[in-house]
Amino acid sequence: VALALFLVGLKATEKVQQLPKFTPQDRGEVLTMLTMLVAFVWVASYIFRGGLAMLRADDLPAAWHGALLAVLPCGGAWIIGLPFGIWAWIVLRDPRVRQEFLKNRRRKLSLILRPSSGE
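Below: a short report on this structure. None of these values were measured; they are calculated from a predicted model. (Residues numbered from 1 in each chain as written. Predicted model: local features only at pLDDT ≥ 70, side-chain atom pairs only at ≥ 80, totals over all residues. Heavy atoms only, no water.)

**Regarding the nonpolar core**
With seven residues, the main nonpolar core is built from M54, A57, A63, A67, A88, L92 and F101. Elements represented by at least two residues in this core include exactly α3 (60-71) and α4 (78-92). Among all residues touching A88, those that are not within four sequence positions of it are M54 and A67. (Core = buried A, V, L, I, M, F, W, Y, C linked by side-chain atoms within 4.5 Å. Buried < 20%, exposed > 50% of the residue type's maximum accessible area, 1.4 Å probe, protein only. Helix = DSSP H or I, 4+ residues; strand = E, 2+ residues; numbered from the N terminus. Contact = heavy atoms within 4.5 Å.)

Right, here's the structure in full:
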């Protein structure tokens, strides 16, 4: 994410220096870069959320989705995400890991549904 922000910042600085000659093509390039940046940040944040869910073993669908996005070639660090995404899929298929997710979900639901003693 930091690298993407840096690269977009460099390109934006280059475009600002051409400001008197800012053409419709430049406007289209800036819009495309901003759209790609938003998409990249969204994908990276969802991969991070999936990794955090896997670390805490509290949200199995988020962990699966994060692993899937890590495997897809949709980011600058795809070559790093590919082996980790495959590893996450292998780990998430383990019945013991699924059981841990289920146990943590039940524990969280019991804490939410438990009536408070102060009322």
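**Comments concerning α3**
When the terminal C-alpha atoms of α3 are compared, their 17 Å separation across twelve residues agrees well with the 16 Å that a helix rising 1.5 Å per residue should span. Every buried residue of α3 is accounted for by A62, A63, G66, A67, L69, A70 and V71. Looking at the buried positions of α3, the neighbouring elements they touch are α2 (24-56), α4 and α5 (95-113). (Expected span 1.5 Å × (residues − 1).)

**A few points about α2**
Between the first and last C-alpha of α2 there are 48 Å, a value that for 33 residues agrees with the 48 Å anticipated at 1.5 Å per step. Among all positions of α2, only D26, M33, L37, V43, G50, A53 and M54 are buried. Tucked inside the fold, the buried residues of α2 contact α1 (2-17), α3, α4 and α5. One or two steps after α2, the chain reaches A57, where phi turns positive at roughly 55°.

**Thoughts on unusual backbone geometry**
We note that A57 has phi near 55°; this positive angle belongs to a residue other than glycine. Counting through the fold element by element, A57 comes out in the loop between α2 and α3.

**Thoughts on the side chain of N104**
Relative to the helices and strands, N104 is located in helix α5. Leave out the neighbours within four places in its chain, and N104 touches R56 and A57.

**Some remarks on the environment of V97**
Structurally, V97 can be placed in helix α5. Residues V97 and M54, 43 residues apart in the sequence, show an inter-C-alpha distance of 9.4 Å. Setting aside residues up to four positions removed in sequence, V97 forms contacts with V91 and L92.

**What to know about the pattern of salt bridges**
All chains considered together, the criterion is met by three salt bridges. The residue R96 makes a salt bridge to D94 at a minimum N-O spacing of 2.9 Å. Of the charged contacts in the structure, one is a salt bridge between E100 and K103, with a shortest N-O distance of 3.3 Å. Highlighted residues: E100 and K103, both in helix α5, separated by three residues, approximately one helical turn. (Salt bridge = Lys/Arg side-chain N within 4 Å of Asp/Glu carboxyl O.)

**Points about a nonpolar patch on the surface**
Nonpolar side chains collect at one region of the surface, where W78, I79, I80, F84 and W87 lie side by side and expose about 580 Å² of accessible area between them. Along the chain, the position of W87 falls in helix α4. You can call W87 partly exposed: its relative accessible area is 49%. (Patch = residues over 30% accessible without salt bridge, like charges linked within 9 Å, V, L, I, M, F, W, Y side chains within 5 Å. Areas by Shrake-Rupley, 256 points an atom, 1.4 Å probe, with all protein chains shown as cover.)

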